[in-house]
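Architecture and fold: a report
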Amino acid sequence: MLYPIMNRSRSLIDLGGIWHFKLGDEKEPGDTWIEPQAMEMICVPASYNDQKDDPAYRNHYGWAYYERTVELPALLYGSNGQRQVLRFDAVTHVAKVYINGKLIMTHKGGFLPFEVEITDLIPEDGHLTIGVAVDNRISHSTLPVGNEGGTAFFGSDNPGVPSVEAAKVWRKQGNLPNFDFFNYAGINRPVRLYTTPVSRICGLTLIPDIDDTDGILQYEAETEGEGAVHVEIFDVEGNKVAEAEGASGTITIPDARLWWPWPGTPYLYRAVFTFGEDIYEETFGIRTVKVEGTQFLINGKPFYFKGFGKHEDSPFHGRGLDLCLGVKDVNLIHWLHANSFRTSHYPYAEEMYQLCDREGIVIIDETPAG
């Protein structure tokens, strides 16, 4: 799944902002959206827990409901030949998505993106009512794992949970977290509507390597529809340094500049893929990573980790994406002369990986089960 971008072949609409919101109960909603009564305002993206000074928000257990109606520009739908895709970057932990009252998809997993094509669901007037039902409950089948039937990694009192009152509520329900950080929930990362041509690039794999002074890039492009793949590689100054034809292959970049962790130069090249009318760009660094014995090697040289374990939590936003906080954290890492951090304990927003790649910070990535 590609990160959504905007260029001359793709449009992008950010659906963040003020949505309508209502806390629910433990009953799972059905296949038809029933608009909750007396909905309140909520900010997206952000966890809902701390957006109101009400214990019901902080301690909530079960389903909650989001709704927003938008009117799309006519040039984005109809006979223009573009696919329309609705994408959620993260909804914690289970999401049921409705378009104009109809259930169109269900997704489980609170820290990874998911999307659905809605081209055929857009009415002639362009009005979309998007409903999202969110379940924050955790169990043995969620990541991170929740307590079921009195089984808890941290013991029955689970002292690591930051909110004592929330722990009392969750204990009563038999659903304590088996992790030592707060179970923030909701639409935590951006919601976006993007378009692509009918024939499109839908996946990319880039694997860099080094051969003496040259950079080597193995690539593979996944496509749908008719067309041929053309690849161009540009340096930071915008000079084309290599190109290739075909959906997969190997590209040599002569006298390549390598990506080095800060305070070295995290040099990034830009790969531009063209497939029919579709264009997609991806930045990448030329580097190798190996483990030999007790040494971690970047470009064949030992690297010493100086850094932290880090959470995405912040005041008010909870675990919601906060780009300002991300920039601040990166600047603090530089200020402290550190060079790395560990994502404790879940995949982060893609924007943070992009920022660290640009700033030369090494990330020890974790799955939600870490």
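Look up: the structure comes first, before these words.
One structure accompanies this document, and this report is about it.

Of the pairings in the sheet, the one linking strand E7 (residues 94-99) to strand E8 (residues 102-108) comprises six bridges and is antiparallel in character. Each bridged residue has a counterpart across the sheet, and for Ile99 the counterpart in E8 is Lys102. Linking two consecutive strands that pair antiparallel, namely E7 and E8, is a turn of two residues; a positive phi of about 50 degrees is found at Asn100 within it.

This part takes up the sheet that holds E8. For sheets, the rule is that strands pair by backbone hydrogen bonds, running either parallel or antiparallel. Across the sheet, which stays open at both edges, the six strands sit in the order E3-E2-E4-E10-E7-E8 with antiparallel pairing between neighbours. Either end of the sheet is taken by a strand with one partner, and the two such strands are strand E3 (40-44) and E8. If you compare each strand with its neighbour and ignore which way they point, the axes differ by 30 degrees on average. With nine bridges joining them, strand E4 (residues 63-71) and strand E10 (residues 127-135) adopt antiparallel strand pairing. Along E10, the bridge assignment pairs Trp63 with Asp135.

Considering the arrangement of structural elements, one finds His345 in the loop between strand E24 (340-343) and helix H4 (350-359). In terms of polar contacts, His345 uses its side chain to reach the side chain of Glu366, at 3.1 Å.

Along the polypeptide, Ser139 turns up in the loop between E10 and helix H2 (164-172). Take Ser139: its relative accessible area is 14%, and that puts it in the buried class.

Right, let's get into the pattern of salt bridges. If you walk through the whole model with that rule in mind, you get 21 salt bridges. Between Glu28 and Lys96 there is a salt bridge whose closest N-O contact spans 3.1 Å. Here Glu28, found in the loop between strand E2 (17-23) and E3, pairs with Lys96, found in strand E7; they are 68 residues apart in sequence, far enough to count as distant. Classification of Lys96 as buried rests on a relative accessible area of 4%.

Let us look at the state of the cysteines. Such a bond, covalent and formed between the sulfur atoms of two cysteines, is termed a disulfide. Summed over the entire model, instances satisfying the criterion amount to zero disulfides. Of all cysteine sulfurs, the one in Cys324 lies closest to Cys356, which takes part in no disulfide; the gap is 15 Å. Among the residues examined, Cys356 registers a relative accessible area of 0% and is labelled buried.

Right, let's get into the layout of surface pockets. The calculated volume of the largest pocket comes to roughly 1,300 Å³. As for the largest pocket, its lining consists of 36 residues, of which Glu282, Thr283, Tyr353, Gln354 and Asp357 are closest to the centre. Counting residues per element, the ones that place at least two in the lining of the largest pocket are strand E13 (200-211), strand E19 (278-284), strand E21 (295-298), H4 and strand E25 (362-364). Broken down by element, the residue count for the lining of the largest pocket peaks at eight residues, all from H4. Looking at the lining of the largest pocket, its residues break down into 23 nonpolar, five polar and eight charged. The volume enclosed by the second largest pocket comes to roughly 180 Å³. Glu312, Leu321, Asp322, Gly326 and Met352 are, among the 16 residues lining the second largest pocket, the residues nearest its centre. For the lining of the second largest pocket, the elements supplying multiple residues, two or more each, are helix H3 (323-335) and H4. Considering each element in turn, the lining of the second largest pocket owes the most residues, five residues, to H3. Among the residues making up the lining of the second largest pocket, the classes are represented as eight nonpolar, two polar and six charged.

Parameters and conventions
- Residues numbered from 1 in each chain as written.
- Predicted model: local features only at pLDDT ≥ 70, side-chain atom pairs only at ≥ 80, totals over all residues.
- Heavy atoms only, no water.
- Pairing = 2+ DSSP bridges.
- Helix = DSSP H or I, 4+ residues; strand = E, 2+ residues; numbered from the N terminus.
- Axes fitted to C-alpha atoms, helices over the stretch in contact; angles between N-to-C directions.
- Polar contact = N/O pair within 3.5 Å; in protein donor to acceptor, adjacent residues only side chain to side chain.
- Buried < 20%, exposed > 50% of the residue type's maximum accessible area, 1.4 Å probe, protein only.
- Salt bridge = Lys/Arg side-chain N within 4 Å of Asp/Glu carboxyl O.
- Disulfide = S-S within 2.5 Å.
- 1 Å grid on protein atoms, 1.4 Å probe; cavity = no way out; pocket = protein on both sides within 12 Å on 5 of 7 lines; lining within 4 Å.
- Points joined across faces, edges and corners; volume = space filled by probe spheres on them.
- Nonpolar A, V, L, I, M, F, W, Y, C, P; charged D, E, K, R; others polar.

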